[in-house]
Amino acid sequence: MSFPLGTASYPRWNQNYIPTAREFQSWFSRKADNDATNEEITSLSQQVSGLKERVDELPTIKDYGAVGDGTTDDTAAFNAVIAAQARVYVPAGNYKITATTVAQNWQYFDGPGIMVINGWTLPASRFVSSYINLPVPALFPTIQSAMDWFNSRVGFSSNAFVSIDLADGTYPISEITIRSPWARFFLQIYGNPSAPGNVQINADMTNNQNAFSVRAGSGLSFINGLTITGVGAWKSHGVWNDQCFGTGILADDGSYVSIGANVVISKCYYGVRANYGSTVLCASGVTVSEAGDVGFHAFGGSTLIANSCTASLCSDVTDTSVATLGTGFMAEGSSFMDVSGSTSFSNAISGFTTQNASGAWAHGCIAYSNGSHGFQSNNSSSMECSPLGTTLSQSHDNTGDGYHSENASFMNVNSAVSTSNTGDGFFSGGRSHMDITAAKAVSNTADGFTSYRGSTMLGNGAVATSNGQYGFQANMNSLIQGDNLSAGYSKVAGFYAITLSVVNLGTGWCGVSNPVFDFPETSTFDS
């Protein structure tokens, strides 16, 4: 150890000077700090030198003969890298390429350079922040290969718009899974909106596969212009292979999907599904047919918006001893759907259903020729079936009731029309409530309006005409009440109350050509 004799910092120090304890401590601390700093500088210098050597050794595409001037054909250089299975840096520049296989081998390239492949531009970098077009099959041979490129960039990018564009043709797929932070990244799958039948997606639905699934908080910003047909699940109408419960387009675990108007889905066990806290937005015109359990489904705290869409022929009667399934539109498990203006017909069970604490807006909807009820709300659920503008909700020719509310549920059927159903026109049962203001029940096989088992029907101006049993019936501690109620041409009775029930007609009521006007002594009739 040497002492700083006669330095500017310590001018009094010489061979004969004895420093004080404080002076010695100060000098020693400074020396320790200076030594540590010198050691850090030396170490950093060595690291920088080593890094420079490594950078000098990093291969680039130009080491393989590429030019990157946008004119010279650099295909051979890129093919050489692929053949060597090397990983190279692509410096800034435009690299003209004529082999589409380069796009499919993206994992070998990274850097700011742009690959111009047969006129299509593709960044070599994993950082994407611009519009990127991925044409299939012009650049990528399959939808999955385009998705592989997209998924390789997701974790590194933001504010990018990636469009997978499908030319007319037939595309066999296994499940296409999307895992991308939709708030940061716009992804669309785009076919032929003017002729969606020209872009045919044949999706393998065996082993519970889906066609397109969006999972774990991810997003598919837009999908449009294609027809999705399930393969391997559907055997014939209503008959399904086992373990084939997949979905045409699925949003799962807090994910989001937006579906364009020109999408047709058939022969998938579920057509469109929002599952476990997810959201699906369908533009007007989406069509689902030949599903198994449900055509359009919101489940587990999810939201489905599907205005003016169509569901038909949903059915699973594979083993009727276990269950018969088949509903056009359903919200269940604390979910919500807005399906206003939609049509649902020829389904094995119902046209529109809410159940298990769920809700629906079904304004101006049409349900007909379904195997049970046209509209039904079960188990503490609700459904709004009032008009959509001037368009009334209509339910006709269903095997069950036109409108059915049961088990502490609610239905608003204001101005709704129910005709020619095998059951009742309107039914409220099991402590449920129905707003029947201006509703019309015509030519139903059973009653026009039935309130049953502790339920209520309230509303003015309801009309029951030409129904097979009663116009209005309150049964088992139930209530029907309203002004200007009208019952005509009922085959049994116009107004009927039984078993501690009440029919309160208020003012302006009317009964026309009913053979019996019957009010048993156990009930109350107010007029």
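Residues numbered from 1 in each chain as written. Predicted model: local features only at pLDDT ≥ 70, side-chain atom pairs only at ≥ 80, totals over all residues. Heavy atoms only, no water.

1. Some words on the overall build of the protein
Along the backbone of the protein there are four helices and 51 strands. Put simply, the protein has 527 residues, and 49% of those count as buried. Accessible surface for the protein amounts to roughly 21,800 Å². Of this, 52% is attributable to carbon and sulfur atoms. (Helix = DSSP H or I, 4+ residues; strand = E, 2+ residues; numbered from the N terminus. Buried < 20%, exposed > 50% of the residue type's maximum accessible area, 1.4 Å probe, protein only. Areas by Shrake-Rupley, 256 points an atom, 1.4 Å probe, with all protein chains shown as cover.)

2. With respect to the environment of Cys510
Structurally, Cys510 is set in strand E50 (residues 510-512). Here Cys510 falls in the partly exposed class, since its relative accessible area comes to 32%. In this structure, the C-alpha to C-alpha distance between Cys510 and Leu485, residues 25 residues apart in sequence, is 6.3 Å. Not counting residues within four places of it along the chain, the set of residues in contact with Cys510 comprises Leu485, Ser486, Ala487 and Phe495. (Contact = heavy atoms within 4.5 Å.)

3. A short note on the pattern of salt bridges
This model, assessed by the stated rule, comprises three salt bridges. For Glu175, the salt bridge is made with Arg215, and the minimal N-O distance between the two is 3.3 Å. With Glu175 in the loop between strand E9 (169-173) and strand E10 (176-178) and Arg215 in the loop between strand E13 (212-214) and strand E14 (219-224), the pair connects residues that are 40 residues apart, well separated along the chain. With a relative accessible area of 19%, Arg215 lands in the buried category. Note that Arg453 is salt-bridged to Glu406, the shortest N-O span being 3.7 Å. Taken together, the positions of Arg453 in the loop between strand E42 (449-452) and strand E43 (456-458) and Glu406 in strand E36 (residues 403-406) put the pair 47 residues apart, joining distant regions of the chain. The class of Glu406 is partly exposed, set by a relative accessible area of 23%. Bridged by salt links that share partners, the residues Glu175, Arg215 and Asp252 form one connected network. (Salt bridge = Lys/Arg side-chain N within 4 Å of Asp/Glu carboxyl O.)

4. Some details on the nonpolar core
Considering soluble globular proteins, one finds that nonpolar side chains tend to be buried as a cluster. Grouped together as the largest cluster of nonpolar side chains are 116 residues, with contacts concentrated most on Phe109 and Phe296. Here this core gets five residues from one element, more than from any other, and that element is helix H4 (residues 143-154). Excluding its chain neighbours within four sequence positions, the residues that come into contact with Phe296 are Val272, Cys282, Val286, Val288, Leu304, Ala306, Cys309, Thr310, Ala311, Gly328, Phe329 and Met330. (Core = buried A, V, L, I, M, F, W, Y, C linked by side-chain atoms within 4.5 Å.)

5. Quick notes on the pairing of strand E24 (residues 294-299)
Of all six residues making up E24, five are buried, and the element is well covered by its neighbours. Two strands pair when backbone bridges link them, and E24 and strand E27 (residues 327-332) are joined in this way by five bridges, in the parallel orientation. Among the inter-strand pairings, Ala298 is bridged to a residue of E27, identified as Ala331. (Pairing = 2+ DSSP bridges.)

6. Considering the sheet that holds strand E5 (residues 114-117)
Pairing is mixed across the open sheet formed by four strands, whose spatial order is E1-E3-E5-E6. The two strands at the open ends of the sheet, each matched to only one other strand, are strand E1 (69-73) and strand E6 (120-123). Here the average twist between neighbouring strands, direction ignored, is 30 degrees. Along the sheet face, helix H2 (residues 75-84) touches E1, strand E3 (94-97) and E5 and points at about 85 degrees away from the line of E3. (Axes fitted to C-alpha atoms, helices over the stretch in contact; angles between N-to-C directions.)

7. Concerning the packing of aromatic side chains
Per the counting criterion, the structure on display carries 22 aromatic pairs. On the numbers, 5.0 Å between centres and 50 degrees between planes, the contact of Phe78 with Phe109 is tilted. Taken together, the residues Phe78 in helix H2 and Phe109 in strand E4 (residues 109-110) connect sequence positions 31 residues apart. The pair formed by Phe78 and Phe109 is uniform in burial state, with each residue classed as buried. With a centroid separation of 4.7 Å and an interplanar angle of 5 degrees, the aromatic rings of Phe449 and Phe472 are classed as stacked. Linking Phe449 in strand E42 with Phe472 in strand E45 (residues 470-475), this pair joins segments that are 23 residues apart in sequence. For Phe449, a relative accessible area of 0% corresponds to the buried category. (Phe/Tyr/Trp six-rings, centres within 6.5 Å; stacked < 30°, edge-to-face > 60°.)

8. Quick notes on the side chain of Asn412
Within the fold, Asn412 resides in strand E37 (residues 410-412). Within the local environment of Asn412, its side chain forms a polar contact with the backbone nitrogen of Asn414, the two atoms lying 3.0 Å apart. In this view, Asn412 contacts Met383, Glu384, Cys385, Ser386 and Asp435; residues no more than four positions away in its chain are not counted. (Polar contact = N/O pair within 3.5 Å; in protein donor to acceptor, adjacent residues only side chain to side chain.)

9. Some remarks on the side chain of Thr327
Looking at where Thr327 falls in the secondary structure, it is placed in strand E27. For Thr327, the contacting residues outside a window of four places in its chain are Asp293, Val294, Gly295, Cys314, Asn347, Ile349, Ser350, Gly351 and Thr353.

10. Comments concerning the confidence of the model for the protein
For the protein, mean pLDDT is 89; residues scoring 70 or higher make up 85% of the total. Confidence drops under a pLDDT of 50 for residues 518-527, and excluding neighbours within four residues, the segment shows 32 contacts in the predicted structure. (pLDDT = per-residue confidence, 0-100.)

11. Some details on H2
Residues Thr75, Ala77, Phe78, Val81 and Ile82 constitute the buried set of H2. As for H2, its buried residues are in contact with E1, strand E2 (88-89), E3, helix H3 (101-104), E4 and E5. Gln85, located one to two residues past H2, shows a positive phi value of around 50 degrees.

12. Here we look at the environment of Ser335
Here Ser335 lies in the loop between E27 and strand E28 (336-338). Using a relative accessible area of 4% as the deciding quantity, one classes Ser335 as buried. When the C-alpha positions of Ser335 and Phe299 are compared, they lie 5.7 Å apart, and in sequence the two are 36 residues distant. In this structure Ser335 touches Ala298, Phe299, Gly300, Gly301, Ser302, Ala357, Ser358 and Gly359, once residues within four positions along its chain are discounted.

13. Topic: unusual backbone geometry
The omega torsion across Val136 and Pro137 is 5 degrees, close enough to zero to call that bond cis. Here Pro137 lies in the loop between strand E7 (131-136) and H4. With phi around 55 degrees, Ser346 is a residue other than glycine that occupies positive phi space. Tracing the chain through its elements places Ser346 in the loop between strand E29 (343-345) and strand E30 (350-355). Non-glycine residue Tyr489 carries a positive phi angle of around 60 degrees. Taking the relative accessible area as the measure of exposure, Tyr489 reaches 48% and is therefore partly exposed.

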